[in-house]
Amino acid sequence: EVLRARDFDDMSADEIRQAKAAVKRMRLPGGTVPTRRFAADQRGRRVDMRATLRASLRSGGDIIPLLFKRRRQRPPPLVVLCDISGSMGRYSRMLLHFVHAVTNDRDRVHSFVFGPRLTNITRQLRQRDVDQAMAEVAGTVEDWDGGTRISSCLGRFNREWSRRVLAQGASVLLITDGLDRDETGSLEGEMARLRRSARRVVWLNPLLRYADFQPQARGIRAMLPHVDDFRPVHNLVSL
């Protein structure tokens, strides 16, 4: 309870350890969506012709019991894009623990980190042991605490990964402070393309911990029109 409202950046090493233990127990809420597959359900609205015909054969065709089916429900795919640049500091490391908990709690979660470059860490986060997963992520990612090239990284994601991981109505969890140092890319255009490909885009920004926050940075102003939710992520309560 003491740590719930404390900023991750103000925590001691022992408090960070306790916070990581709390994050490990978190589960991402979210509804389910209908799939193209069906399951047997006598309260369903569609007649299951195959099952009905099989059942009628067992009775010699004299009685035809109507069997029904319904669409299966499952959580939509989730794509996480997490900023690991120097300005994100301790937040990105804490949030990767949360992404690990989400990855091991549900299927179809694809995770990427970005700074100067984009790196796919989906396979690494599927390790059940969080320490082993973080060690593999650390060994894979070469540009921790560097600069931020959001536009270039989103462009690469849109070109190389979007069609593969944003199928079937995936939602996007974008974790960044929006402080882009990429002067050559078109951030607004890449964000618009990302939004068109996703069911929903949720932006988590630790700068919203300030009560007087204003979107003054060029990157933040370019990104805001293309997100569905803009929320803080600086402590356990917000997470």
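Before reading further, recall that the structure is shown in the block above.
Heads up: these notes are all about the structure in this document. (Residues numbered from 1 in each chain as written. Predicted model: local features only at pLDDT ≥ 70, side-chain atom pairs only at ≥ 80, totals over all residues. Heavy atoms only, no water.)

One can describe the packing of helix α6 (residues 150–160) onto helix α8 (residues 187–197) by two numbers: an axis separation of 9 Å at closest approach and a directional angle of 35°. Considering how the two elements wind past one another, α6 and α8 form a crossing that is left-handed. In this structure, α6 uses Ile150, Ser151, Leu154, Gly155, Phe157, Asn158 and Arg159 to contact α8, whose residues at the interface are Leu187, Glu190, Met191, Arg193 and Leu194. Grouping the amino acids of the contact of α6 with α8 by side-chain chemistry returns six nonpolar, three polar and three charged. (Axes fitted to C-alpha atoms, helices over the stretch in contact; angles between N-to-C directions. Helix = DSSP H or I, 4+ residues; strand = E, 2+ residues; numbered from the N terminus. Left-handed = near helix turned anticlockwise from the far one by under 90°. Contact = heavy atoms within 4.5 Å. Nonpolar A, V, L, I, M, F, W, Y, C, P; charged D, E, K, R; others polar.)

Glancing now at the sheet that holds strand β1 (residues 33–40). Read across the sheet, three strands follow the order β1-β3-β2 without closing on themselves; strand pairing throughout is antiparallel. The strands lining the two open edges of the sheet, one partner per strand, are β1 and β2 (46–47). (Pairing = 2+ DSSP bridges.)

For strand β8 (residues 200–205), a buried count of five out of six residues is recorded, marking the element as mostly surrounded by other parts of the structure. Here strand β7 (residues 171–175) pairs with β8 via five bridges, running parallel. Paired with Leu173 across the strands is Val202, a residue of β8. Bridge count for β8 against strand β9 (residues 229–232) is four bridges, and the pairing is parallel. Paired with Val202 across the strands is Asp229, a residue of β9. (Buried < 20%, exposed > 50% of the residue type's maximum accessible area, 1.4 Å probe, protein only.)

Ranked by size, the top nonpolar core spans 36 residues in total, and within it Leu236 and Leu239 carry the most contacts. Broken down by secondary-structure element, the contributors of at least two residues to this core are α1 (13–24), β4 (78–83), α3 (89–103), β5 (109–114), α5 (130–140), β7 and β8. At seven residues, α3 tops the list of elements feeding residues into this core. In contact with Leu236, not counting residues within four places along its chain, are Leu3, Arg4, Phe8, Ala19, Ala22, Val23 and Met26. Counting 27 residues, the second largest nonpolar core, distinct from the first, contains Leu174, Val201, Ile220 and Ala222. (Core = buried A, V, L, I, M, F, W, Y, C linked by side-chain atoms within 4.5 Å.)

With mixed pairing, the six strands of this open sheet are ordered in space as β6-β5-β4-β7-β8-β9. Each edge of the sheet is formed by a strand with only one pairing partner; in this case those strands are β6 (118–120) and β9. Here the average twist between neighbouring strands, direction ignored, is 20°. Bridge count between β4 and β7: five bridges; the pairing is parallel.

An α-helix turns once per 3.6 residues; consequently, residues spaced three or four apart project the same way. Listing the buried residues of α6 in full gives Ile150, Ser151, Cys153, Leu154, Gly155, Phe157 and Asn158. Those residues of α6 that are buried lie in contact with β4, β5, β6, α7 (162–165), α8 and α9 (218–223).

With respect to the element layout, Val233 can be found in the segment after β9. Note on Val233: relative accessible area 1%, which makes it buried. As for Val233 and Phe8, which are separated by 225 residues in sequence, their C-alpha atoms are 9.3 Å apart. Aside from chain neighbours lying at most four places away, what touches Val233 is Tyr91, Leu95, Leu204, Asn205, Pro206, Ser238 and Leu239.

Before going further, it helps to examine the pairing of strand β3 (residues 68–74). With five bridges connecting them, β1 and β3 associate as antiparallel partners. Its bridge partner lying in β3, Pro34 is registered against Gln73. Where β2 and β3 come together, two bridges link them in antiparallel fashion. For Arg46, the partnering residue across the bridge sits in β3 and is Lys69.

In the contact formed by α3 and α5, the axes pass within 11 Å of each other and the chain directions differ by 120°. One way to sum up the angle between α3 and α5 is to call them oblique. Judged by the sense of rotation from one axis to the other, the crossing of α3 with α5 is right-handed. Residues Leu96, His97 and His100 of α3 lie in contact with α5, whose contacting residues are Val130, Ala133, Met134 and Val137. Here the residues of the contact of α3 with α5 sort into five nonpolar, two polar and no charged. (Parallel < 35°, antiparallel > 145°, perpendicular 65-115°, else oblique.)

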